[in-house]
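# Descriptive structure summary
Given next are the chains, with one letter for each unit.
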Amino acid sequence: MGKAAQPYSISTYSIETLRQILSDEANVPLSVVQAKPHLGYFEGYFNFIGAKSILVERDYIDRDYLEDFASYYVRCFHPYPRKCSRLHFFDETITNEEFEAAMKGAEYEKLSGSYLGFVVVKPLPQTIIGRTCLRTYPSDGGRRHYPSVRDYEANIFGLKLVAKQTLAFQEQDHVAAACATSALWSAFQGTGKLFQHPIPSPVSITRAATKNWPRETRTFPNNGLDIIEMAHAIRDVGLEPLMLRADRHDVLKSNLYAYLKAKIPLLLIVDLYNASIKIPLLHRQKPSYLGKHAVAASGYSLGLSKPVPYGGTGLLLKASRIDKFYAHDDQVGPFARMVFTEMDVQFASDTVLKRDFLTTSWRNPVSGAGSIVAQPENLLIPIYHKIRIPFDTISQSVIDFDELLEKMRADGRAPLSERIEWDIYLITVGEFKTDVRSSMDLNEDERLAIQLQPLPRFLWCADGACAGKRVIGLLFDATDIEQGSFFLRAVAYDHALALVLKNIGQNTPADSKFIPRQTQAILHHFAQKHIK
């Protein structure tokens, strides 16, 4: 039966079948589909999550594509279709009889329990991968983390299925969107749910980015956004852009971890290089330089066994255990791996030094996958306007306090067997109090006192652990101003350490010029605590 007469079809999954379905549903030659780098990524992805069946839903109206269609494609002479197809994936074999029975009223636990998510196929000549919501890779024993994910409901002919805990992805189409727009669109999928703002379509993002910023060329077709235009798009949804230089691994890891743990996707701007030849950093016109690119960071892997000192300090951060992170890369796919690595870079003076890079899943047409690397340049973080204190301010406060604890440990005053490892992250007051309520490391009176204490909506939390056991927690007001005393309170998980800090606090002048301000505030807090 032909496509026009059949609203759906079900096939056994294989990568060959998927290629043919994409070709048929987008009405493009099979050679176009085979040339797409996404297919290599999808092959590994679907094999890993165990896809067994594909259900093709035809005549599907996708809101994002429809807005792009109304803004651009409908005005073309060529009659581009306004409807898409949607491919649904399952990790069990689904038959036509089972699906028809479900539509007639039978229970459909098998369908809902085996649902892996969907891929929208856009009817365009080249960029056919539309809104994609697929189950993430398994957590691998707690190594992989995807904090910014959410559920997406898919209604198929009246059957409600849920693509659980994922983040939407789509390929740039080079007309309504380039890589920066696609990265922003994916990031807004997370922040829209978190901060309750409307999620704009790609064409709306491009317009918002460029409406107040004169360009030297036309907006559509879109050749990409610069970082200032990306910041305009973030402001247009009611958030504030926080821009950071992120060319060092320690800065990138710590900020990725701190904000992703708060469920905020981040935008990373990188320079791409062909790694098959030596990289002359200061000569971007050479063949090794491929251009700038933007991705949306959506998860991370804590794959390293030990923390690494932060910057030029001795501070040990849990974030330094990150060995790779996962990004929505419009040229690859959702949750694509970017691995932290170092490479030799040749400077103008012919000096060769190691610099921080990321491996990518990009496919070089000549040498294959893995030969294109990215040098991190900037992070752009879309945050709620009341979150005013950045990570680096909090990390400096923790560095100062950590130095005091290290001196105490060195001279035997602090009951610590090794240097503390700090877990610094942004959190909401509700999530923090829920964590406190379930903590067995605190007595009932301490838990109740924290739960009843009025606190701001957004908090910075710095948990200190020694030998794998949490011993102290520091709480900072993320909504305060930097020149204020933004330390709120400490959480004493270790009684012996709290008693030592109480004694030191009681014997330290409140206006000491030799102790950093936030450290003084922490010691003063312990001095006032009722500890016996």
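This text goes with the structure placed above it.
Heads up: these notes are all about the structure in this document. (Residues numbered from 1 in each chain as written. Predicted model: local features only at pLDDT ≥ 70, side-chain atom pairs only at ≥ 80, totals over all residues. Heavy atoms only, no water.)

### A short note on the layout of surface pockets
Gaps left between atoms are located by rolling a probe of water-molecule size over the structure's atoms. Applicable threshold: Every definition here rests on a 1 Å grid over the protein atoms only: cavities are sets of points where a 1.4 Å probe fits but cannot get out, pockets are open sets enclosed by protein on both sides within 12 Å along at least five of seven lines, and lining residues have some atom within 4 Å of a point. Grid points are joined across faces, edges and corners, and a volume is the space filled by probe spheres set on the points. Secondary structure elements follow DSSP: runs of H or I of four or more residues count as helices, runs of E of two or more count as strands, with numbering from the N terminus. Three classes are used: nonpolar for Ala, Val, Leu, Ile, Met, Phe, Trp, Tyr, Cys and Pro, charged for Asp, Glu, Lys and Arg, and polar for all others, with Gly counted as polar.
Looking at the largest pocket, its volume works out to about 450 Å³. Looking at the lining of the largest pocket, the elements with two or more residues in it are strand S20 (421–428), helix H12 (429–438) and strand S21 (458–466). Among the elements that make up the lining of the largest pocket, the one with the highest residue count is S20 (five residues). Of the residues contributing to the lining of the largest pocket, the split by class is eight nonpolar, two polar and eleven charged.

### So, the packing of helix H14 (residues 495–506) against helix H15 (residues 517–528)
Let me state the cut-off plainly: A fitted line through C-alpha atoms serves as each axis, taken over the contacting stretch for helices, and the angle formed by two N-to-C directions is quoted from 0 to 180°. With respect to orientation, any angle under 35 degrees is reported as roughly parallel, any angle over 145 as roughly antiparallel, any angle of 65 to 115 as roughly perpendicular, and every other angle as oblique. Throughout, a residue-residue contact means that at least one pair of heavy atoms, one from each residue, lies within 4.5 Å.
Close contact between H14 and H15 brings their axes to 7 Å; oriented N to C, the two are set at 105°. Looking at the two axes, H14 sits roughly perpendicular to H15. Within the contact between the two elements, H14 uses Ala498, Leu501, Lys502, Ile504, Gly505 and Gln506 and H15 uses Leu523, Phe526 and Ala527. When the residues that make up the contact of H14 with H15 are grouped by side-chain class, the tally is six nonpolar, two polar and one charged.

### Some remarks on H15
Every α-helix carries 3.6 residues per turn, so stepping three or four residues along brings you back to the same face. Our working definition: Given the number of residues in a helix, its expected span is that number minus one, multiplied by 1.5 Å. Per-residue accessibility, obtained with a 1.4 Å probe over protein chains only, is compared with the maximum for each type, and a residue is labelled buried under 20%, exposed over 50%, and partly exposed between these values.
Taking 1.5 Å per residue, twelve residues should reach 16 Å; H15 reaches 17 Å between its end C-alpha atoms and fits that length. Taking burial as the measure, the twelve residues of H15 include nine buried ones, the bulk of the element. The set of residues buried in H15 consists of Gln518, Thr519, Gln520, Ala521, Ile522, Leu523, His525, Phe526 and Ala527.

### Quick look at unusual backbone geometry
With a phi angle near 60°, Asn27 is a residue other than glycine that sits in the positive phi range. Mapping Asn27 onto the fold places it in the loop between helix H1 (15–26) and helix H2 (30–34). By relative accessible area, which is 70% here, Asn27 ends up exposed. Of note, the phi angle at Phe157 is positive, near 55°, even though the residue is not glycine. Tracing the chain through its elements places Phe157 in the loop between strand S7 (150–156) and strand S8 (159–166). Of the residues examined, Phe157 reaches a relative accessible area of 36% and is grouped as partly exposed.

### Looking at the sheet that holds strand S1 (residues 8–12)
Applicable threshold: Should DSSP find at least two bridges between two strands, the strands are taken to pair.
The strand order across the open sheet built from five strands is S1-S2-S3-S4-S5, with neighbouring strands paired in antiparallel fashion. Edge positions in the open sheet fall to S1 and strand S5 (129–134), since each of these has one partner strand only. Between one strand and the next, the sheet's axes are offset by a mean angle of 20°, whatever the strand orientation. Examined bridge by bridge, S1 and strand S2 (residues 53–60) share five bridges and lie antiparallel to one another. From the neighbouring strand, Ser11 faces S2, where its bridge partner is Ile54. Of the strands in this sheet, S1, S2, strand S3 (84–90), strand S4 (115–121) and S5 are in contact with H1, which crosses S3 at around 160°.

### A closer look at H1
Across its twelve residues, H1 extends 16 Å between first and last C-alpha, which sits within 8% of the 16 Å expected from 1.5 Å per residue. Of the positions making up H1, those classed as buried are Ile15, Leu18, Ile21, Leu22, Ser23, Glu25 and Ala26. Looking one or two residues beyond H1, the residue adopting positive phi is Asn27, at roughly 60°.

### Comments concerning the sheet that holds strand S22 (residues 469–477)
Spatial strand order, S13-S20-S21-S22-S23: five strands in an open sheet with mixed pairing. Among the strands making up the open sheet, the edge pair consists of strand S13 (316–317) and strand S23 (487–492). Note that S13 and S20 share two bridges and pair parallel. Opposite Leu316, over in S20, you have Glu421 as the bridge partner. With respect to the sheet, helix H11 (residues 391–410) is in contact with S13, S20, S21 and S22, its orientation differing from that of S20 by roughly 145°. The strands touched by H15 within the sheet are S22 and S23, with S23 carrying the most contacts at an inclination of about 50°.

On their own, these measurements won't tell you what the molecule is for.
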